[in-house]
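# A structural walkthrough
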Amino acid sequence: MTLRVAVTGASGRMGQAVARAVAAEPDAELVSLVARPGSSLVGTSAASVVGDKRCAIAISDTLDLQSTDIVIDFTLPESSLVTASACAAAGIPIVIGTTGFTAAEQAEMESTLAPVARCQAANFSMGVNLAYRLLSLAAKVMGAESDIEIHEAHHKHKIDAPSGTALAMGRAVADAMGHSLDDIARYDRSAKREVRDPGSIGFSVTRAGEIVGEHTVLFASEGEQLEITHKAGSRDAFANGAVRAAKFIASKPAGAYTMADVLGLS
Ligand code: NAD
């Protein structure tokens, strides 16, 4: 059966990559592409975004869930919360790729979406989700003897920092070592003059050019260093993962599914 997918963020980099990935998927159909109200794209053909002249729908500023099986949302926290509310009210599952939620927004998102199947991930790429597993293993084997640093680099347009993926990597490491990331993360070393806090995880960030997304976790111990690096070459890695997640959760009962579930890693 063809999966009818609505995609939000028609003018966004990820919204467009997801719309293209849906259109390219034989078992899926792009039934709705939604732009922010007031966007110049509203009313224009979605064909210009997905690059397929056969795509006959017009870009809308309203999410119509009448003939939709699932929504994929990569926008901004405020609009994701509105979209989540609409999905919950209509009983439609949702894949959420937006990052940068505050703790309060995340809690609101989780309670709002309780009635439906959902998959939220800071990073939908296969490689990153596999990296979480590798990091957990590395942390168990050499975490206690290592200084652990996480560096991430993204394009200059990104507004949240460190990235949701860097935080998720930090969480994978901290969890494996039996700590809470909140207790051991160090985001800013400029305020105090002191040597490295043992057992901490340091974060650093680059924002430059059009870098799609790079993450490196360094385990530096006496006499050796291990680096686990992931580099995204294009947004297709995230878009394809989001479509895979959509296909996985579309017919699942209400609940929070992870990319580990989608990839068979759980
Ligand atoms: P972007 O700024 O290019 O796009 C965001 C888009 O959301 C904008 O075009 C904006 O017009 C649109 N938008 C805002 N409100 C809207 C509304 N009410 N309805 C429809 N559209 C609306 O950003 P981006 O690079 O596409 O990233 C979007 C989000 O996805 C960010 O939070 C980013 O961190 C995240 N992201 C996640 C992954 C992942 O794998 N989870 C990968 C890449 C980016």
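What you are looking at is a predicted structure, and each value in this text was computed from that prediction instead of being measured. (Residues numbered from 1 in each chain as written. Predicted model: local features only at pLDDT ≥ 70, side-chain atom pairs only at ≥ 80, totals over all residues. Heavy atoms only, no water.)

## Some points on the overall build of the protein
- Secondary structure assignment for the protein yields nine helices and eleven strands.
- For the protein, whose C-alpha radius of gyration is 19 Å, the value lies close to the compact-globule estimate of 18 Å for 266 residues.
- If one aligns the C-alpha atoms of the protein with their principal axes, the spans along those axes are about 60 × 40 × 35 Å.
- Per-residue burial over the protein gives 48% buried out of 266 residues.
- Within the protein, counting contacts between residues at least 6 apart in sequence, those at least 24 apart form 67% of the total.
- Accessible surface, the protein: about 13100 Å² in total, of which carbon and sulfur atoms supply 52%. (Helix = DSSP H or I, 4+ residues; strand = E, 2+ residues; numbered from the N terminus. Rg over C-alpha atoms; globule rule 2.2 N^0.38 Å. Buried < 20%, exposed > 50% of the residue type's maximum accessible area, 1.4 Å probe, protein only. Contact = heavy atoms within 4.5 Å. Areas by Shrake-Rupley, 256 points an atom, 1.4 Å probe, with all protein chains shown as cover.)

## Examining the pairing of strand 8 (residues 201–207)
- Summarising the sheet, strand 6 (residues 147–154) and strand 8 pair through seven bridges and their orientation is parallel. The residue bridging His 151 from the neighbouring strand is Ser 204, located in strand 8.
- Bridge analysis of strand 7 (residues 185–186) against strand 8 gives two bridges, and the strand direction is parallel. Directly across from Ala 185, in strand 8, lies its bridge partner Ile 201. (Pairing = 2+ DSSP bridges.)

## Section: the domain arrangement of the protein
- As assigned here, the protein comprises domain 1 (3–120 + 235–262) and domain 2 (126–232).
- A separation of 29 Å is found between the C-alpha centroids of domain 1 and domain 2.
- Domain 1 puts nine residues into the contact, and the matching count from domain 2 is ten residues.
- Buried surface at the junction of domain 1 and domain 2, summed over both partners, amounts to about 780 Å²; 57% is from carbon and sulfur atoms.
- A per-residue breakdown of the area domain 1 buries against domain 2 is headed by Arg 13, Thr 99 and Arg 235, which together make up 46% of the total.
- Counting across the domain 1 and domain 2 interface gives zero salt bridges.
- For the pair domain 1 and domain 2, the number of links is one residue pair in polar contact (both at pLDDT 80 or more). (Domains from an automatic or database assignment. Buried area = accessible area lost by both parts, 1.4 Å probe. Salt bridge = Lys/Arg side-chain N within 4 Å of Asp/Glu carboxyl O. Polar contact = N/O pair within 3.5 Å; in protein donor to acceptor, adjacent residues only side chain to side chain.)

## Focus on the packing of helix 5 (residues 126–142) against helix 6 (residues 164–176)
- Close contact between helix 5 and helix 6 brings their axes to 8 Å; oriented N to C, the two are set at 35°. Read as a crossing pair, helix 5 and helix 6 show a hand that is right-handed. Note on element contacts: helix 6 touches helix 5 through Thr 165, Ala 168, Met 169, Ala 172, Val 173 and Ala 176, opposite Val 128, Ala 131, Tyr 132, Leu 135, Ser 136, Ala 139 and Lys 140.
- Of the residues that constitute the contact of helix 5 with helix 6, the class distribution is ten nonpolar, two polar and one charged. (Axes fitted to C-alpha atoms, helices over the stretch in contact; angles between N-to-C directions. Left-handed = near helix turned anticlockwise from the far one by under 90°. Nonpolar A, V, L, I, M, F, W, Y, C, P; charged D, E, K, R; others polar.)

## As for the site of the ligand
- Within the structure, the ligand sits among 21 residues, and Ser 11, Met 14, Gly 97, Thr 99 and Phe 124 are positioned closest to it.
- At 3.5 Å, a backbone N or O of Gly 9 approaches a nitrogen atom of the ligand.
- One of the side-chain N or O atoms of Ser 11 is found 2.9 Å from an oxygen atom in the ligand.
- Burial of the ligand by the protein chains amounts to 82% of its free accessible area of 860 Å². (Near = heavy atom within 4 Å.)

## Remarks on unusual backbone geometry
- Note that the residue after Ala 161, namely Pro 162, is joined by a cis bond; omega there is -10°.
- Among the secondary structure elements, Pro 162 is positioned in the loop between strand 6 and helix 6.

## Side note on the sheet that holds strand 11 (residues 255–257)
- Read across the sheet, six strands follow the order 2-1-3-4-5-11 without closing on themselves; strand pairing throughout is parallel. Of all the strands in the sheet, the pair left with one neighbour each is strand 2 (28–34) and strand 11. Looking at each pair of strands side by side, their axes are set apart by 20° on average, direction ignored.
- Where helix 3 (residues 77–90) meets the sheet, its contacts fall on strand 1 (3–8), strand 3 (70–73) and strand 4 (94–96), and the angle it forms with strand 3 comes to roughly 170°.

## Remarks on the nonpolar core
- In terms of nonpolar packing, the biggest core is built from 42 residues, with Val 22, Ile 72, Val 95 and Phe 124 touching the most fellow members.
- Put simply, the parts of the chain that give this core at least two residues each are strand 1, helix 1 (13–24), strand 2, helix 2 (47–50), strand 3, strand 5 (117–120), helix 8 (236–249) and helix 9 (259–262).
- Considering each element in turn, this core owes the most residues, seven residues, to helix 8.
- Residues within four places of Phe 124 in sequence aside, it is in contact with Phe 74, Val 95, Ile 96, Gly 97, Cys 119, Asn 129, Ala 237, Phe 238, Gly 241, Ala 242, Ala 245 and Met 259.
- Core analysis: the next-biggest nonpolar cluster, separate from the first, contains 23 residues, Ala 168, Val 173, Leu 181 and Ile 228 among them. (Core = buried A, V, L, I, M, F, W, Y, C linked by side-chain atoms within 4.5 Å.)

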